Amino acid sequence: MAIEIESSWLEVLGDEFDKAYMIQLRQFLKEEKQAGNKIYPKGSDIFNAFWKTPFTNLKVVILGQDPYHGENQAHGLSFSVQKGIGIPPSLRNIYKELSTDIPGFVIPAHGDLTEWAEQGVLLLNASLTVRAGTPGSHQKKGWEEFTDNVIKTISDKKEGIIFILWGAFAQAKSELIDHKKHHIIKSPHPSPFSAERGFFGSHPFSKTNAILVKEGKEPIDWQIH
């Protein structure tokens, strides 16, 4: 099974796809399908984050944990859902924070964050697939090794990237990042269980843009149209 991934990522990650863990992961996914299990997102969307945000265009990383496990939700971008699907609770809270953090931000009618990805925001989940209706079902199968290596590669080969780490799971990944070369913005997770404990009022979006402007880069237009 050939892996199709955007060329600038293939250049820096090419070796990963021949490693034993990745071969085992591909075998696991094959067996899942053979057993009749539905996997999200669909195959062509698994590496969507990399297609939408080439390595050469990267400015910001927002780290999630697992793809959504409901029908037609996941499309390979963390926190994002396809148009026409209800906005999940964590994303609702992200929009709520944006409406107080970014002047003039209007809460969108959909949850597709592709516009962020196309501006250089890598929307990366730690696991890139999940079995339908079963959260966490593809954890510890090899995806974390791959995505940890993605984070390390960004840390090693880039400078001045802003990592937005929400919640304990994402914040544990900060040990993979060179803090002298990059910026880390941390807060509680936007989930309804933790948003009131410090996510609201944390201003991650305006902080990100302030850093980008200071470094002479184009700020992110966070407004989703």
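Criteria and thresholds
- Residues numbered from 1 in each chain as written.
- Predicted model: local features only at pLDDT ≥ 70, side-chain atom pairs only at ≥ 80, totals over all residues.
- Heavy atoms only, no water.
- Salt bridge = Lys/Arg side-chain N within 4 Å of Asp/Glu carboxyl O.
- Helix = DSSP H or I, 4+ residues; strand = E, 2+ residues; numbered from the N terminus.
- Buried < 20%, exposed > 50% of the residue type's maximum accessible area, 1.4 Å probe, protein only.
- Expected span 1.5 Å × (residues − 1).
- Arc of directions from axis to C-beta.
- Contact = heavy atoms within 4.5 Å.
- Axes fitted to C-alpha atoms, helices over the stretch in contact; angles between N-to-C directions.
- Parallel < 35°, antiparallel > 145°, perpendicular 65-115°, else oblique.
- Left-handed = near helix turned anticlockwise from the far one by under 90°.
- Nonpolar A, V, L, I, M, F, W, Y, C, P; charged D, E, K, R; others polar.

> What should I look at first to understand the pattern of salt bridges in this one?
As a working rule, side chains carrying opposite charge can pair if their charged atoms are close by. Following the criterion strictly, the structure yields 5 salt bridges and no others. Lys38 is paired through a salt bridge with Glu71; the nearest N and O atoms lie 3.9 Å apart. Residue Lys38 is found in the loop between helix H2 (20-34) and strand S1 (39-40), and its partner Glu71 is found in the loop between strand S2 (60-64) and helix H4 (89-101); the two are separated by 33 residues along the sequence. By relative accessible area, which is 53% here, Glu71 ends up exposed. For the salt bridge of Asp148 with Lys173, the shortest nitrogen-to-oxygen distance reads 2.7 Å. You can see Asp148 sitting in helix H6 (residues 143-157) and its partner Lys173 sitting in the loop between helix H7 (167-171) and strand S6 (183-187), a full 25 residues away along the chain. Lys173 matches Asp148 in its accessibility class, with the two residues each being buried.

> Would you mind showing me how to read H2 here?
An α-helical turn contains 3.6 residues, so any two residues separated by three or four positions project in the same direction. The terminal C-alpha atoms of H2, which comprises 15 residues, lie 21 Å apart, in line with the 21 Å expected from a rise of 1.5 Å per residue. Buried residues of H2: Tyr21, Met22, Leu25, Arg26, Phe28, Leu29 and Glu32, and no others. Buried residues in H2, looked at end-on, bunch into an arc of 155 degrees, giving them a common side. Seen from the open side of H2, the exposed residues pointing more than 90 degrees away from its buried face are Ala20, Gln24 and Gln34. Here the buried face of H2 lies against S1, strand S4 (130-131) and H6. In the stretch just after H2, Gly36 is the one whose phi turns positive, near 85 degrees.

> Got a minute to help me understand the packing of H2 against H6 in this structure?
Close contact between H2 and H6 brings their axes to 9 Å; oriented N to C, the two are set at 135 degrees. In this view, H2 runs oblique relative to H6, as classed from their interaxial angle. As H2 packs across H6, the resulting crossing turns out to be left-handed. Seen from H2, the contacting residues are Tyr21, Met22, Leu25 and Leu29; seen from H6, they are Trp143, Glu145, Phe146 and Asn149. Its residues assigned to classes, the contact of H2 with H6 shows 6 nonpolar, 1 polar and 1 charged.

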